[in-house]
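A look at the structure
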Amino acid sequence: MFTPIRGKSVIVTGGSKGIGKGIASVFAKQGARILVVARGLETAQTTAREIAAAGGTASAFQADVAKWEDMEAMASAAVERHGGIDILCANAGVFPDAKMRDMTAEQWDEVLGTNLKGCFLSIKACMAHLGASGAGRVILTSSITGPLTGFPGWTHYGASKSGQLGFMRTAAIELAGDGITINAVLPGNIKTEGLIQLGEEYLATMASSIPLKKLGAVEDIGNAALFFASKEAAFITGQTIVVDGGQTLPESLEAMQAA
Ligand code: NAP
């Protein structure tokens, strides 16, 4: 049994939908107070209301992780509303697909700006507050795509998700002096609003290529993030957990079929 995170002040970027909403809900069920951050205020407010209706504590904040002023305002809002920041879940991300021959420089910048620069800016804005307790936690939502696998159409996305891990390994050393740990969850295919947009055929093909024969649930990622946020994970930093139903294990199609 892990020490409860009751009362902790938690920011979840991209908390209005999908995996972020799953993380926010799992943490709220444990009694943490959540700031749900997204560009779309209405959806973030709806999520915060849903968490509150389920007995949790949450409020919404409108911000773009790619903008420094927004990240500073987000950190201030968390401090104002919750008295500090204990845990930052840097989860906001986008994954529009475009093959290299069609990809524009703007598309590249959008993905790297949100997924990678957004991580840096959100952590930079929160780090002084995270350090105040001597036990702050940062949890990144990376991906199997990039660090472990490739998928045509996602060179920019893969670069951003691998980049998060390169960033993390040095950030872990820099943050350690203030007792802050930083770790990453690497989701496989998780059934979210963003993934559903890729179409039924994509979802079905993906499920059949996962040894556990189904897509993950957002709570699967929330639970892995909760472990990194726990007191018991205090000596773990700069590390990763793959949560993919075994998707990255088969070495070939034949390996799947042989099972
Ligand atoms: P999603 O359903 O599309 O949700 C994305 C969330 O991020 C929304 O709350 C969105 O709200 C927010 N967001 C996007 N850009 C933002 C920005 N610039 N500033 C602030 N918030 C922003 O996506 P998801 O599938 O849950 O993915 C969440 C994270 O998991 C991403 O980092 C993604 O790379 C990672 N991931 C997902 C999967 C998967 O299978 N779903 C697998 C591996 C990794 P607004 O649009 O209103 O801002």
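Described below are features of the structure shown in this document. It should be emphasised that the depicted structure is a prediction, and the values quoted were computed from it without experimental measurement.

1. Quick look at the environment of Ile23
Here Ile23 lies in helix α1 (residues 18-29). In the structure, Ile23 is positioned 202 residues away from Ala225 in sequence and 7.1 Å away in space, judged by C-alpha atoms. The contacts of Ile23, once residues within four sequence positions are left out, are Val12, Cys89, Asn91, Thr141, Gly222 and Ala225.

2. Some remarks on the packing of α1 against helix α2 (residues 41-53)
As a packed pair, α1 and α2 sit with axes 10 Å apart at the nearest point and diverge in direction by 25°. With respect to each other, α1 and α2 are oriented roughly parallel. Note that α1 runs across α2; the crossing there is right-handed. In contact with Lys21, Ala24, Ser25 and Ala28 of α1, α2 contributes Thr47, Glu50 and Ile51. Taken together, the residues of the contact of α1 with α2 break down into three nonpolar, two polar and two charged.

3. Quick notes on the sheet that holds strand β6 (residues 181-187)
With parallel pairing, seven strands are arranged side by side in an open sheet as β3-β2-β1-β4-β5-β6-β7. Unpaired on one side and paired on the other, β3 (57-62) and β7 (240-243) mark the two borders of the sheet. Strand after strand, the sheet turns through a mean of 20° between neighbouring axes, direction not considered. Pairing of strand β4 (residues 87-90) with strand β5 (residues 137-141), which is carried by four bridges, proceeds in the parallel orientation. Bridge pairing in β5 places Ala90 opposite Leu140. Along the sheet, α1 contacts β1 (9-13), β2 (33-38), β4, β5 and β6; its crossing angle with β1, the most-contacted strand, is approximately 165°. The strands touched by α2 within the sheet are β2 and β3, with β3 carrying the most contacts at an inclination of about 175°.

4. Describing the packing of α1 against helix α8 (residues 218-229)
Axis separation between α1 and α8 bottoms out at 8 Å; the angle between their running directions is 55°. Here α8 runs oblique to α1, going by the angle between their axes. Of the two elements, α1 crosses α8, and the hand of that crossing is right-handed. Within the contact between the two elements, α1 uses Gly18, Ile19, Gly22, Ile23, Val26 and Phe27 and α8 uses Val218, Glu219, Ile221, Gly222, Asn223, Ala225, Leu226 and Ala229. Considering only residue class, the contact of α1 with α8 consists of nine nonpolar, four polar and one charged.

5. Some remarks on the pattern of salt bridges
A full pass over the atoms with the stated rule returns one salt bridge. In this structure, Lys21 and Glu50 form a salt bridge, with 2.9 Å as the shortest nitrogen-oxygen distance. With Lys21 in helix α1 and Glu50 in helix α2, this residue pair connects regions lying 29 residues apart in the sequence. Its relative accessible area of 41% is what places Glu50 among the partly exposed residues.

6. Description of the nonpolar core
If you look at the biggest cluster of nonpolar residues, it comprises 33 residues, and the most contacted ones within it are Ile11, Leu35, Met74, Cys126, Val138, Leu140 and Ile182. Among the secondary structure elements, those contributing two or more residues to this core are β2, α3 (68-82), β4, α4 (105-130), β5, α5 (155-176) and β6. By residue number, the principal contributor to this core is α4, which donates six residues. Those residues in contact with Ile182 that lie beyond four places of it in its chain are Ile123, Val138, Leu140, Phe167, Met168, Ala171, Ala172, Leu175, Thr237, Gly238 and Gln239.

The rules behind the values
Chains are numbered independently. Their residues run from 1 in the order of the written sequence. Local features in this predicted model are restricted to residues whose pLDDT is 70 or higher, and side-chain atom pairs enter the listing and the counts only when it is 80 or higher, whereas totals over whole chains, interfaces and linings include all residues. No hydrogens and no water enter the side-chain calculation; it runs on all heavy atoms of the structure. Numbering of helices and strands runs from the N terminus; a helix is a DSSP stretch of H or I covering at least four residues, while a strand is a stretch of E covering at least two. The contact rule is simple, with two residues in contact once any of their heavy atoms fall within 4.5 Å. Note on geometry: axes are C-alpha line fits, over the in-contact stretch for helices, and angles between N-to-C directions span 0 to 180 degrees. Here the angle decides the label: under 35 degrees means roughly parallel, over 145 means roughly antiparallel, 65 to 115 means roughly perpendicular, and every other value means oblique. Note: crossing handedness is left-handed where the near helix turns anticlockwise from the far helix by less than a right angle, and right-handed where it turns clockwise. For this scheme, ten residues count as nonpolar: Ala, Val, Leu, Ile, Met, Phe, Trp, Tyr, Cys and Pro. Four count as charged, namely Asp, Glu, Lys and Arg, and the remainder, Gly too, count as polar. Note on pairing: DSSP must find at least two bridges between two strands before they are called paired. The salt bridge definition used is simple: a Lys or Arg side-chain nitrogen within 4 Å of an Asp or Glu carboxyl oxygen. Remark: exposure states derive from per-residue accessible area (1.4 Å probe, protein chains only) relative to the maximum for the residue type, with buried under 20%, exposed over 50%, and partly exposed in between. Take the buried Ala, Val, Leu, Ile, Met, Phe, Trp, Tyr and Cys residues and link them wherever side-chain atoms come within 4.5 Å; each set so joined is a nonpolar core.

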